[in-house]
Each structure stands twice: as structure tokens, then as C-alpha cells.
Amino acid sequence: MSIEKQILNFIAERQVISTEELVNELKGTEKHTLMAMIGVLKEKGLVCSSNLLSPTTIVITSKGRNSV
């Protein structure tokens, strides 16, 4: 399973997660790599971060849930 798919599956389980929790959960992956993959998922519209939430909070979109 690709790192993007692992990240998306983990976020989908929780709906909303902090980047810190994600880094702790996927310990085998470096933080800058995770952040790059989150950027790719954001570009695809699968996850987002909101100005209403902490900037370190990631939310799965309905498109992301449907793709899991």
C-alpha cells in the first residue's frame, strides 16, 4: 500500500486528526515526507485543513472518504 493510501486510510478512520498524531502513528516515515504526501492529498482534494481549525489539523473530505 502506498504511503498516500496509508495516510488517507488513517485519516478516514478518525475524520479529523492532527499532524502530530499522524506522525506518531506512521513512525517509520519521516515528518517532511508525510507533509509532502499530505500536500499531494490536498491537491487532489482528498483532505483539507481549515482556517477555522488549527493549521495542524487535517480533515478528510467527502471525496477522500469516497475514494477509500
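Computed from a predicted model, the values in this text were never measured in an experiment.

Please explain helix α3 (residues 31-43) as it appears in this structure.
Spanning 13 residues, α3 covers 18 Å between terminal C-alpha atoms, matching the ideal 18 Å at 1.5 Å per step. Along α3, the residues that are buried comprise Leu34, Met37, Ile38 and Leu41. Seen from one end, α3 has its buried residues packed into an arc of 105°, which puts them on one side. Across from the buried face of α3, at angles greater than 90 degrees, the exposed residues are His32 and Glu43. The inward-facing, buried residues of α3 contact α1 (3-14), α2 (19-25), β2 (47-48) and β3 (57-60). Positive phi appears at glycine 45, one or two residues downstream of α3, with a value of about 80°.

I keep staring at the environment of glutamate 21 and nothing clicks. Help me out?
Position of glutamate 21 relative to the elements: it lies in helix α2. On the accessibility criterion, glutamate 21 (37% relative accessible area) is partly exposed. For the pair glutamate 21 and isoleucine 11, spaced ten residues apart in sequence, the C-alpha to C-alpha distance is 10.0 Å. Look past the residues within four positions of glutamate 21 in its chain and what remains in contact with it is Phe10 and Arg14.

Explanation requested: the pattern of salt bridges in the structure shown.
A side chain of one charge can pair with a side chain of the opposite charge when the charged atoms of the two come close. Summed over all chains, the structure comprises two salt bridges. With its nearest N and O atoms 3.6 Å apart, the salt bridge here joins lysine 44 to glutamate 4. With lysine 44 in the loop between α3 and β2 and glutamate 4 in helix α1, the pair connects residues that are 40 residues apart, well separated along the chain. Classification of lysine 44 by relative accessible area gives partly exposed; the value is 40%.

What counts and how
Residues numbered from 1 in each chain as written. Predicted model: local features only at pLDDT ≥ 70, side-chain atom pairs only at ≥ 80, totals over all residues. Heavy atoms only, no water. Helix = DSSP H or I, 4+ residues; strand = E, 2+ residues; numbered from the N terminus. Expected span 1.5 Å × (residues − 1). Buried < 20%, exposed > 50% of the residue type's maximum accessible area, 1.4 Å probe, protein only. Arc of directions from axis to C-beta. Contact = heavy atoms within 4.5 Å. Salt bridge = Lys/Arg side-chain N within 4 Å of Asp/Glu carboxyl O.

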